[in-house]
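What follows is each chain in one-letter form.
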Amino acid sequence: MRRKVATRWLAGGATAVAGAVVALALQVPNASAATNLSLGAGADGSSKASGTSYGNVIDGNPSTYWSPSGSTGTVSVKWGSATTVSSAVIVQASGGGAISGWQLKNHDTGSVLASGSSAPSTINFSSTSLKKISFVITSASGTPRIAEFETYSSGGSTPTTSPTSGPTSSPTASPTSNPGTPTGAWPSSAGSVSISGTVSVSGTFDGGMKTYCCIGDGGQGESQDPMFKIANGGTLQNVILGSPAGDGVHCEGTCTLRNVWWNDIGEDAATFKQTNGGTSYVIGGGARNGSDKTFQHNGNGTVSISGFYLKGSGKLYRGCGNCSTSHTRHVRIDNVLVDDIDMLAGINSNWNDTATITRVVVIGSATICGKYKGVPKGSEPTYLGEGWNDANCKVNRSDVTFR
């Protein structure tokens, strides 16, 4: 019988500065705001390169993109009636010019909601009611490629119970969209925190690089509880998971895992359960000592993994091939270092899954993009073989370095 465990709620978030914070990290908005308002909206802009479309930034497909006709230009999301927006997520496709200057504007009034001088990811600003929002590229090294222009409304939930102890509710350092190139170095722990059950997180939980331990048995049992359960739109950052860590981290909806490290993967490092079609992010961090999957994608939408280090595991990513509900899933893997693994990404080609893979270093040998035939729950998926540069496996051999 499954053991019931105590649950603690922790909440918080980054502090706003002058009413508009440009969080140059892929931080998803708060819990009830995790519906991408761009899906079902309209789009237009100032210009578009041949073969691209404004509509590609609102189609929920990271494999399509819009480019301006030059190094600068504007793309907009628009609605038929006033819509409240408090954050935007700019997802860039690989191969385009690097953005070095941008503005986010309320097109209705012309006011600047936020701006920056390096490529943005998540942009948070004061909640604003508008009919049209514009992302303006003012400078870039070449022609940029914008895959998605996601928008989110304000919202969030307040936990019913305050934490009895634990880390601070706000980040200890300014967030960054660039986790750096993984080297294989493991972080030092800033201390130990003993927990007896699942820690539930709403908003942003910053662990201050302390090691949290321990629940579960470190095995592959499917009935283990997670160490952290992240509410829809939540962020877990600067945490080391000790061993055993149960079933790791569960993202109940879209989430951000920033600079999270797993000393022992156990069952799975993290499971993504989102069903809102949005994007979850793994930014930096690392994991080691696994025997099967590292990141398990059970829901729909996209999982983006960047700047991550993996040592000793079966797979970095697996889209579930026999869950109760069959979804089309997407994964983006960029700037990762893997050592002693069997497969980088496993996807279900019969469900139109895609894996977009760039800047990967493999120590040893591994299958880069494995294609499976997804099946109903209760059956086992069939392995179909490795894919390169096709409709499902969007990866060129030049994108992968073997050492």
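Residues numbered from 1 in each chain as written. Predicted model: local features only at pLDDT ≥ 70, side-chain atom pairs only at ≥ 80, totals over all residues. Heavy atoms only, no water.

Draft legend 1. Structural view of the overall build of the protein. Along the protein, the regular secondary structure elements total zero helices and 26 strands. The buried share of the protein, taken over its 403 residues, is 54%. Taking the intrachain contacts of the protein between residues at least 6 apart in sequence as the baseline, contacts between residues at least 24 apart amount to 67%. In the form shown here, the protein has an accessible surface area of approximately 15400 Å², with 47% of it arising from carbon and sulfur atoms. (Helix = DSSP H or I, 4+ residues; strand = E, 2+ residues; numbered from the N terminus. Buried < 20%, exposed > 50% of the residue type's maximum accessible area, 1.4 Å probe, protein only. Contact = heavy atoms within 4.5 Å. Areas by Shrake-Rupley, 256 points an atom, 1.4 Å probe, with all protein chains shown as cover.)

Draft legend 2. Broad picture of the state of the cysteines. Inspection of every chain in the model, using the stated rule, returns four disulfides. Here Cys 320 connects covalently by a disulfide to Cys 323, the sulfurs 2.1 Å from one another. On the sign convention where negative means left-handed, the S-S torsion of about 110° between Cys 320 and Cys 323 marks this disulfide as right-handed. When sorted by exposure, Cys 320 lands in the same class as Cys 323, which is buried. Disulfide connectivity for the protein, with bonded cysteines indexed by sequence position, reads 1-2, 3-4, 5-6, 7-8. (Disulfide = S-S within 2.5 Å.)

Draft legend 3. Region of the structure containing the pattern of salt bridges. Inspection of the entire model under this criterion finds eight salt bridges. Where Lys 273 meets Glu 252, a salt bridge forms, and the shortest distance between an N and an O atom there is 3.7 Å. Taken as a pair, Lys 273 in the loop between β15 (270-272) and β16 (279-283) and Glu 252 in the loop between β13 (249-251) and β14 (255-262) lie far apart in primary sequence, 21 residues in all. Among the ionic pairs, Lys 311 bridges to Asp 339, the shortest N-O distance being 3.0 Å. Of the two residues, Lys 311 is situated in strand β20 (residues 309-319) and Asp 339 in strand β21 (residues 329-348); the sequence distance between them amounts to 28 residues. Judged by relative accessible area, Lys 311 falls into the partly exposed class, the value being 34%. (Salt bridge = Lys/Arg side-chain N within 4 Å of Asp/Glu carboxyl O.)

Draft legend 4. Geometry of the nonpolar core. By size, the foremost hydrophobic cluster in this structure holds 52 residues, and its most contacted members are Phe 228, Leu 257, Trp 262 and Ile 305. With eight residues, the top contributor of residues to this core is β21. Not counting residues within four places of it along the chain, the set of residues in contact with Ile 305 comprises Val 282, Phe 295, Leu 316, Tyr 317, Val 331, Arg 332, Ile 333, Asp 334 and Val 336. In this structure, Tyr 54, Trp 66, Trp 79 and Ile 99 belong to the second largest nonpolar core, which totals 25 residues. (Core = buried A, V, L, I, M, F, W, Y, C linked by side-chain atoms within 4.5 Å.)

Draft legend 5. Quick look at the side chain of Thr 83. Looking at the secondary structure, you find Thr 83 in strand β3 (residues 73-92). In terms of polar contacts, Thr 83 uses its side chain to reach the backbone carbonyl oxygen of Ser 81, at 3.1 Å. Leaving out residues up to four positions away in the same chain, Thr 83 has contacts with Leu 37, Thr 128, Ser 129 and Leu 130. (Polar contact = N/O pair within 3.5 Å; in protein donor to acceptor, adjacent residues only side chain to side chain.)

Draft legend 6. A look at the environment of Phe 228. Within the secondary structure, Phe 228 sits in strand β11 (residues 228-230). On the basis of relative accessible area, Phe 228 is assigned to the buried category, the value being 0%. Through-space distance from the C-alpha of Phe 228 to that of Tyr 212 is 9.8 Å; in sequence the pair is 16 residues apart. With near-sequence residues (within four places) excluded, Phe 228 lies in contact with Thr 198, Val 199, Val 201, Phe 205, Tyr 212, Leu 236, Val 239, Leu 241, Gly 248, Val 249 and His 250.

Draft legend 7. Highlighting the confidence of the model for the protein. The pLDDT averaged across the protein works out to 84; a share of 84% of its residues lies at or above 70. The least confident element of the protein is strand β1 (residues 8-10), whose mean pLDDT is 43; the most confident is strand β23 (residues 367-373), at 98. Ignoring residues within four places in sequence, the model shows residues 1-33, a span with pLDDT below 50, making 118 contacts including any to other chains. Confidence over residues 154-176 falls short of pLDDT 50; this stretch has 45 contacts with residues more than four positions distant or in other chains. (pLDDT = per-residue confidence, 0-100.)

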